[in-house]
Amino acid sequence: MKRSCMALVPVIVFAAMASFSLRSNIRVEAASEKNDLTQLLKNVQSGGLSFNKIGRLSFGPKGLLLVADVAGPAVVAIDTGDTGPLQKLTKRVDEVDVKVAAVMGAKPEEVVIVDMAVNTLSGTIYLSAHRKADNAAALVTVDGNGKIKVLDLDDVRYVRVPLPVSAGTQVRNITGVQFTEDRVIAAGQCNEEFASKIFSLPLPLTHDASGSMYSTETYHVAHGRWETRAPIQSFIPYQENGKSYIVGSFSCTPIAKFPLDDIETGAQVKGTSVVELGSGNRPVDMFTYKRDGKEWLVTNTDRFHHERRPLGPSQYWGVRVDMSYLAAEKTNEDAARRDISKKEGPTGIQVMDVLFFARHVAKLNDAEMVVLRDNDGGLNLELAPLP
Amino acid sequence: MRLSICRNGFLYFLCVSVCAGVACDRTYQDPIRLGETDTVTLSGDGDLKIITSLQSVSVPLSLLGPSLPDTIDDREVGREQGEQFLTVGIETTHETEFYPMTGSYHLTGTHFVFKPILPFVPEQSYIVRMMDCGKLLREEPFLFRRAEADAPEIESIFPLVDELPANHLKFYIYFNQPMQTGDIFDYFSLWDMTRGKLVARPFRHTELWSKDGLRLTLWFHPGRQKTGVNLNVELGPVLTQGHRYQLRVDASWRGMSGESLGKTVIKEFVAGPADHTQPDPSDWKITVPRKDDSKLRVTLAEPLDHAMIETSFVIEHLASEEQISTSITVELNERVLVFTPHQPWRSGHYSIVINPLLEDLSGNSLERPFEVDLQGVALPVIGNRVEFTVE
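Residues numbered from 1 in each chain as written. Chains lettered and ligands numbered in written order. Predicted model: local features only at pLDDT ≥ 70, side-chain atom pairs only at ≥ 80, totals over all residues.

Q: Got a sec to walk through the overall build of chain A? Specific residues and values, please.
A: A tally of regular secondary structure across chain A gives 1 helix and 31 strands. Taken over 387 residues, chain A has a buried fraction of 54%. Pairs at least 24 apart in sequence give 54% of the contacts found in chain A among residues at least 6 apart. (Helix = DSSP H or I, 4+ residues; strand = E, 2+ residues; numbered from the N terminus. Buried ≥ 20, exposed ≤ 12 C-beta atoms within 10 Å, placed from the backbone. Contact = placed C-beta atoms within 7 Å.)

Structure below.
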């Protein structure tokens, strides 16, 4: 008999699940099993999840991960089962791009990290990644100890919701996907005319069901024009006086809010620009947090012409905006403009030093965020304090 | 022992040779074909082995640590436990740090099998590490070599015409196989032949692929092509009227076959006057079908957006209100649309209904010009129907 350093524990996959075969490698389950997501997901699938082109990420309640499948086009909601306890990243993960590529079996130059989200229940960080050699998609997790692994998509429960389209329209890009209280919102662009669209998917998200699509029109403060063509680059859901909005950020870089209540499918939704952050920037991520009774909107951006007109030490920079600007009376052509000559100004609009070199940011709580930070071409992953 | 994979014809080759430790030479013996197996088995026999694909790595229990039972029945093994005995990862310059691929482990009774979640990548060197309770016993490198495959080709770049408006917006590039995606814009450049220099940051860095991955929509940055917009003011427009340009696609860009384009692909054009005028179907010339030629021809006043043409036209027989099924081609420098009916025309009046969003090369649509304040501006009303009669 050989000595054994540990018991080899057999892994029983889905043995406890009541399931039946839908296709050879897909099972349909009752929604009440495991993590109770009955109010959020319907017609849940198990096994056989794949992505045509993986994109943006965000977390909903109960460890529900939303993933944009750009070439689907679809929104996939994954029950990660990752509901805690909270174990925050204990130390910075250096060269995370090298390590993510390695667990995907490739060199770092062969892998693109597309987006990042953090599960606020567990502290685990999720990265969507793309391997160039075979266009393979992966979800990669980084736990509190910095351990990195690829999520096995054959081993998750999910629903895939195709984005609504009308005759002749094709979704070319999905620039964001977010949970709200009563629906999931995605933003993107359709067709060759590059029009900006908002997609509304009702809860519970239902496998193979769809939702509504709206067109958008936004006043671009820096342009002094109304635009339909600029796509929303990032957005967050927003409530004001009991009404639902999304707050979106566009290239060059107006922040605008769009009403979502009582909108007919196919309608043109007119956004109200409330803040202009300055030209030549492409927003990447957005979130809000509260500090000392005040709510702040944080967004990080990629500066288009950093080399020509640098704003700071990096093309990647970020800002926080007092959320009271969203209810401002001065909008559109009179919207507040960030003073591009200073780090702060007007009052309530501040460049955040901690966001220089930030490629992606995600809020962990009102005191900390996760930052995927550029390090001379490589990437580090760290927790950073919110001011 | 060492593993490597060699190329022969259209097969994936896995070559396995044995030597002590990691510092073995790279002389391979004649290969032995393993046929359709997807698993490389480390047998320690020193023979070169050939397989057609590679999905997993199998190691005899005798090569692993004594702590691993070798008489156990078939079963899956948890990842953390499996990684105590066998890991597979890429060769890295970071000798002190080894990050194994994530995958599943399986005991067959005689072998320990690792299957990665993402498949192995051809032309990538991997290291197989065999351990006993995490203590390294031996490691073997191998190279999974790609089968010979066809190089990708660019089949066409639209617009085909060699004069483009100075406020031109986008190209459609057709490939004969899907390309490797992610960070693709380093493969594109715009050479100003008149100035003899590259144009700085001409493209919008958003990858827009068709669903089959064979068509890329490449945009000039709209913020630079639109008059008065900040990037246009600060950086200037991408194109200057009268200048000649080369849109270049770099030879090193690889397709999904793993092969590269092999040569730089160039589309040469001259920048003509900027176009701020909406396309107007009343300016188009209709050549109606005849008995000896069933094709309906529409001569345009200017080339239109290549991709939008496909879905922007509906032909109706007015009396019956039936839609006529046709195929559409574009001829003569993209100035003539040719509609070929799938059924013979009936005599009577017809209407061509055009999608108001149909654009010209500068983004001007029937609905609105590309450059306009949408607030408080009365846009010209341009009809989107053209009628014709078949005798």
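Q: Tell me about the pairing of strand β30 (residues 368-375) of chain A, and please be specific about residues and values.
A: Residues and elements named next belong to chain A. Both strand β29 (residues 358-363) and β30 contribute to a ladder of 5 bridges, which runs antiparallel. Its bridge partner lying in β30, A362 is registered against V370. In this structure, the hairpin formed by β29 and β30 is closed by a connection of 4 residues. Bridge analysis of β30 against strand β31 (residues 378-385) gives 8 bridges, and the strand direction is antiparallel. Among the inter-strand pairings, N375 is bridged to a residue of β31, identified as G378. In this structure, the hairpin formed by β30 and β31 is closed by a connection of 2 residues, where D376 is found at a positive phi of approximately 55 degrees. (Pairing = 2+ DSSP bridges.)

Q: Any details on the environment of B:H106? Residues and values, ideally.
A: All names here are of chain B. Structurally, H106 is set in strand β9 (residues 103-107). What makes H106 partly exposed here is the crowd of 18 C-beta atoms within 10 Å. Discounting residues that sit within four places of it in the chain, H106 has contacts with E76, V77 and V113.

Q: Can you lay out the sheet that holds strand β8 (residues 111-118) of chain A for me, pointing to particular residues and giving the numbers?
A: Strand pairing in a sheet is mediated by backbone hydrogen bonds. Such pairs are either parallel or antiparallel. Residues and elements named next belong to chain A. Ordered by their spatial adjacency, 4 strands build an open sheet running β8-β9-β10-β11, and the pairing between neighbours is antiparallel. The open sheet has two edge strands, β8 and β11 (148-150), and neither has a second partner. Strand-to-strand, the axes of this sheet are offset by a mean angle of 25 degrees, without reference to chain direction. As defined by bridge partners, strand β9 (residues 125-131) adjoins strand β10 (residues 136-142) across 7 bridges and the pair is classed as antiparallel. By the bridge assignment for β10, Y126 is matched with T141. (Axes fitted to C-alpha atoms, helices over the stretch in contact; angles between N-to-C directions.)

Q: Hey, could you go over helix α1 (residues 96-103) of chain A for me, with residue numbers and the actual values?
A: Across the 8 residues of α1(A), 8 count as buried, placing the element largely inside the fold. For α1(A), the set of buried residues is A:V96, A:D97, A:V98, A:K99, A:V100, A:A101, A:A102 and A:V103. In the core, the buried residues of α1(A) are packed alongside β8, β9, β10, β11 and β31 of chain A together with β8 (86-90) of chain B. Where α1(A) terminates, the next one or two residues include A:G105, which has phi positive at roughly 75 degrees.

Q: Which residues make up the nonpolar core, and what values do they have?
A: Judged by nonpolar contacts, the single largest core of 159 residues is most densely connected at A:V75, A:A77, A:V100, A:M104, A:A186, A:V370 and B:F112. If sequence neighbours within four positions are ignored, A:A77 has contacts with A:L41, A:L64, A:L66, A:Y158, A:V159 and A:L205. Ranked by size, the runner-up nonpolar core spans 13 residues in total, among them B:L300, B:L304, B:I309 and B:Y350. (Core = buried A, V, L, I, M, F, W, Y, C linked by C-beta atoms within 7 Å.)

Q: Explain the environment of B:V128 residue by residue, including any values.
A: Considering the arrangement of structural elements, one finds B:V128 in strand β11 (residues 124-132). A count of 23 C-beta atoms within 10 Å places B:V128 in the buried class.

Q: Account for unusual backbone geometry, naming residues and giving values.
A: Cis geometry marks the peptide bond from A:G84 to A:P85, where omega comes out at 5 degrees. Among the structural elements, A:P85 can be located in the loop between β7 (74-79) and α1. Although it is not a glycine, A:D292 sits at a positive phi angle of roughly 55 degrees. Locating A:D292 in the fold gives a position in the loop between β24 (281-291) and β25 (294-303). Of note, the phi angle at B:E321 is positive, near 60 degrees, even though the residue is not glycine.

Q: So what's going on with the pairing of β10(A)? Which residues, and what values?
A: All names here are of chain A. The element β10 is extensively covered by neighbouring structure, given that 7 of its 7 residues are classed as buried. Across the two faces of β10 the burial is the same, with A136, A138, V140 and V142 and A137, L139 and T141 all buried. Hairpin geometry of β9 and β10 is characterised by an intervening segment of 4 residues between the two adjacent antiparallel strands and by a positive phi of about 55 degrees at N135. In this structure, the hairpin formed by β10 and β11 is closed by a connection of 5 residues, where G146 is found at a positive phi of approximately 85 degrees.

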